[in-house]
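Architecture at a glance
Letter by letter, the chains look like this.
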Protein chains: 2
Amino acid sequence: MLTDYQLLRIPGPTPIPPSVERAMMKPMIGHRGNETSQMIQTIKPKLKKVFGTAQDVMMITGSGTSGLEAAIVNVVHPGDKVLVVATGVFGNRFTKICEAYQINVEEFAVEYGKALDPEAIRAHVQANPDIKAVFSTYCETSTGVLNPVGELAQAVHAVSEALVIIDGVSCMGGVETKMDEWGLDVVVTGSQKAFMLPAGLNFIAASERAWKVIEANPQKGFYLNLTKYRDNIAKDTTPFTPALSLLFGLEQVLENFEKEGLENVYARHQLMRDMTRAAFKALDLPLFTSDQDGSPTVTSVKPTDFDAEAFRKEIKSSFNLSVAGGQAEMKGQIFRVGHMGYCAPTDVLQYLGAMEIALIKVGKNIKLGAGVAAAQQVYLEGAK
Amino acid sequence: MLTDYQLLRIPGPTPIPPSVERAMMKPMIGHRGNETSQMIQTIKPKLKKVFGTAQDVMMITGSGTSGLEAAIVNVVHPGDKVLVVATGVFGNRFTKICEAYQINVEEFAVEYGKALDPEAIRAHVQANPDIKAVFSTYCETSTGVLNPVGELAQAVHAVSEALVIIDGVSCMGGVETKMDEWGLDVVVTGSQKAFMLPAGLNFIAASERAWKVIEANPQKGFYLNLTKYRDNIAKDTTPFTPALSLLFGLEQVLENFEKEGLENVYARHQLMRDMTRAAFKALDLPLFTSDQDGSPTVTSVKPTDFDAEAFRKEIKSSFNLSVAGGQAEMKGQIFRVGHMGYCAPTDVLQYLGAMEIALIKVGKNIKLGAGVAAAQQVYLEGAK
């Protein structure tokens, strides 16, 4: 196989654009100097647009999980009752962190592959007025579901004082988020998905309502104490040493978003979802999510007539094309294709073309070109 | 459109692999020091394999044209009679350089889109014993023809003392070359095609027979005097300052070739040609070359029912996919797709998928997916 060639279509990390790679190679500068402050000044308003908020978006150096932990420890206390809407593995991540802090977690389990139902949660929260916070993923990476987090927030706020806390890691930057308009209280996302950066940086914002709770919280830890991040970002700096290369890259990503136009970025992701879904239907590949619930950033398939893992091995060994397998209970049952960040409709045509060959090889009876043609048709209709 | 995204499928320059980009970013070193000598030592035997020669392959810093000029001024004198086999624009380049040196050029014109006929040239050379050298392109980039240069050399040598001088710029590294076995006398190629590097470096080798002629030549110019390059490469150095970054990149390219295996590199190019040709046939796109003459590195189409330039504009504006147009007399008449160097079968599926959409847009009545399916079928048969 062609040396040094890969097609990375897992739901994160995603490929990094050359301009961002170049930006990340800039020489180090002092992180307490003017140049860094100016860079943060440039970044701030652009990050707000991605979040759809007037609040400053804070940046925490760490894995996505540190961002989720920050979203928890700042707003709830040991003994507090919270509701975690579990639509997959990453909803469960919230539960595990809460348990580590002796938080009284109740899980609202949703069948894997389905989005949450805001009305059901509204009823549950209304019946349990002691719930202090409701946690949900925006895109559930492990299933490919996009949860209606705006409707969730409106449903919860209509009947409760509970804060609504959203993990937007695997879709923000690829899917529109209107934090303020929707009434989301804490929103956190990471750098390695639709933001097209390596992992290592979290972005997090809190509503006015959330800040009141955070300020009243006596035990917020040290590294993840959001008031430090808020006070520092207000002065165009960070409380702890930032991952400078990632900031260089972020500055470039946000400039690239602006060049393309955020509305076009979101439309591109919708188009890639629609192309992928149409192709999989044409190839008789059972989608793990409904058209309504499917995320613009990741699509899952639960095959019935071939082995998902054999298929993944085949595309990897023949084309160095990587897609993800199932996690936890879904292990070996599904495969998941990431179509986000530095990914264009022509990349969708490319992975579909390769997958069709691999489907034949793993014994599925398909018509070559049928998936590609369905995706092309969607492109032509969408782009008309 | 996705910012900072492009699909470069012109017949050179070609995309550069990430490992090669990284190699080219190494810090400068002294070009007369040990490190450079060691690098040249590493490069030498690997370049010989690509050329299929026991001779040292010399490296000239310059555009491809400087390599062609070196191939001329070292072996022929003002007033000498030479035969240029003109199968396209780059055959003509030989003529223009010869004319600048008052060399008596005779052109052997071959219909564009067709390969040269060794027997016809044998007859011509036999009838013109004063011909000192025969020039030909290996792959004629402007038409997508691969000339049978081995047969040409055998035909010429059977009846004449003329040297056979080959421009291998747009295929070597993607197509097997057996310089010694075939009896080629001077072979020159450049860095920006199947070698996957930026332009700026030429590789050139001469046969024992050619060296006798070169040594006897009293006027070889200065910068392009090949004896200087020969004497220096024997000592693992260069006569003039080398383009060091390109050497760093070349070292990596040759290592990548070795990892893949040169026979696999060549098989990959054959496969990409066959996939592309099968797809174009399925889409009713008239190929400009026959199956026998078509190059593994570039494929040309001469459309009859749509405008080649409108099609090129469409794929560029919709997908940032670049293919080349026609040159000289073929301007506006053909388009040319490069499938060489850092290009995989999945890239072929990708450009075909994009082209099918564009064909619909420029008004050609095709069945979506039909070209992709034909290419996939070739892949499955070739890879079985």
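These numbers were taken from a predicted model, which means no experiment stands behind them. (Residues numbered from 1 in each chain as written. Chains lettered and ligands numbered in written order. Predicted model: local features only at pLDDT ≥ 70, side-chain atom pairs only at ≥ 80, totals over all residues. Heavy atoms only, no water.)

All names here are of chain A. On the UniProt side, "binding site: substrate" (unreviewed entry) is annotated at positions that read Arg 336 here. Structurally, Arg 336 is set in strand E14 (residues 335-338). Residue class for Arg 336 comes out buried when judged on its relative accessible area of 5%. Here Thr 141 takes part through its backbone oxygen, which lies 2.6 Å from a polar atom of the side chain of Arg 336. (UniProt positions renumbered as here; feature names shortened; annotations may be inferred. Helix = DSSP H or I, 4+ residues; strand = E, 2+ residues; numbered from the N terminus. Buried < 20%, exposed > 50% of the residue type's maximum accessible area, 1.4 Å probe, protein only. Polar contact = N/O pair within 3.5 Å; in protein donor to acceptor, adjacent residues only side chain to side chain.)

Moving on, we get to the sheet that holds strand E2 (residues 58-61) of chain A. All names here are of chain A. Pairing is mixed in the open sheet, where seven strands are placed in the order E2-E10-E9-E8-E5-E3-E4. Edge positions in the sheet fall to E2 and strand E4 (104-109), since each has one partner strand and no second. Adjacent strand axes in the sheet meet at a mean angle of 20° when their direction is disregarded. Examined bridge by bridge, strand E3 (residues 81-86) and E4 share six bridges and lie parallel to one another. Note that in E4 the partner of Leu 83 across the bridge is Glu 106. Relative to strand E10 (residues 201-206), helix H3 (residues 64-73) is tilted by about 20°, and along the sheet it contacts E2, strand E5 (131-137), strand E8 (163-167), strand E9 (186-190) and E10. (Pairing = 2+ DSSP bridges. Axes fitted to C-alpha atoms, helices over the stretch in contact; angles between N-to-C directions. Contact = heavy atoms within 4.5 Å.)

On to the pattern of salt bridges, then. When their charged atoms lie close together, side chains carrying opposite charge are able to pair. Residues and elements named next belong to chain B. Summed over all chains, the structure comprises 41 salt bridges over all chains. For the salt bridge of Arg 273 with Asp 274, the shortest nitrogen-to-oxygen distance reads 3.2 Å. Taking relative accessible area as the criterion, Arg 273 reaches 13% and is therefore assigned buried. Judged by relative accessible area, Asp 274 falls into the partly exposed class, the value being 33%. The salt bridge partner of Lys 364 is Asp 305, with a shortest N-O separation of 2.7 Å. Here the residue Lys 364 occupies a position in the loop between helix H13 (345-361) and helix H14 (370-383), and Asp 305 occupies one in the loop between strand E11 (298-301) and helix H12 (308-319), the gap between them amounting to 59 residues. (Salt bridge = Lys/Arg side-chain N within 4 Å of Asp/Glu carboxyl O.)

Residue and element names in this part refer to chain A. Domain annotation of chain A identifies domain 1 (7-14 + 262-383) and domain 2 (18-258). The C-alpha centroid of domain 2 is placed 27 Å from the C-alpha centroid of domain 1. Counting from both sides, the interface comprises 27 residues of domain 1 and, opposite them, 27 residues of domain 2. The junction of domain 1 with domain 2 conceals about 2,200 Å² of combined surface from both sides, 62% of it contributed by carbon and sulfur atoms. (Domains from an automatic or database assignment. Buried area = accessible area lost by both parts, 1.4 Å probe.)

Residues and elements named next belong to chain B. The strand order across the open sheet built from seven strands is E2-E10-E9-E8-E5-E3-E4, with neighbouring strands paired in mixed fashion. Because the sheet does not close on itself, it has two edges, and the strands there are strand E2 (58-61) and strand E4 (104-109). Going from strand to strand, the sheet's axes swing by 20° on average, the running direction of each strand aside. Pairing of strand E5 (residues 131-137) with strand E8 (residues 163-167), which is carried by five bridges, proceeds in the parallel orientation. Following the sheet pairing, Thr 137 is matched in E8 by Asp 167. Against the sheet, helix H2 (residues 34-51) engages E2, strand E9 (186-190) and strand E10 (201-206), with an angle of about 65° to E10. Against the sheet, helix H10 (residues 244-260) touches E2 and E10, its axis set at about 65° to E10.

Glancing now at the nonpolar core. Soluble, globular proteins show a tendency: their nonpolar side chains are buried together. Among the nonpolar cores identified, the biggest contains 250 residues, and Leu 250 of chain A together with Leu 250 of chain B are the most heavily contacted of them. With near-sequence residues (within four places) excluded, Leu 250 of chain A lies in contact with Ile 43, Leu 47, Met 59, Phe 195, Leu 197, Leu 201 and Phe 203 of chain A. (Core = buried A, V, L, I, M, F, W, Y, C linked by side-chain atoms within 4.5 Å.)

Let us look at the packing of aromatic side chains. Residues and elements named next belong to chain A. According to the stated counting rule, one finds 26 aromatic pairs over all chains in the structure shown. Ring geometry for Phe 94 against Phe 135: centres 4.8 Å apart, planes inclined by 45°, an arrangement best described as tilted. In this pair, Phe 94 sits in helix H4 (residues 89-100) while Phe 135 sits in strand E5, placing the two residues 41 residues apart along the sequence. Phe 135 shares its class with Phe 94; the two are buried. When the ring of Phe 222 is compared with that of Phe 240, the centres are 5.8 Å apart and the planes differ by 45°; the resulting orientation is tilted. Taken together, the residues span a long stretch of sequence, with Phe 222 in the loop between helix H8 (208-216) and helix H9 (226-233) and Phe 240 in the loop between H9 and helix H10 (244-260) at a distance of 18 residues. By relative accessible area, Phe 222 is classed as exposed at 58%. In this structure an aromatic cluster arises from ring pairing among Phe 222, Tyr 223, Tyr 229 and Phe 240. (Phe/Tyr/Trp six-rings, centres within 6.5 Å; stacked < 30°, edge-to-face > 60°.)

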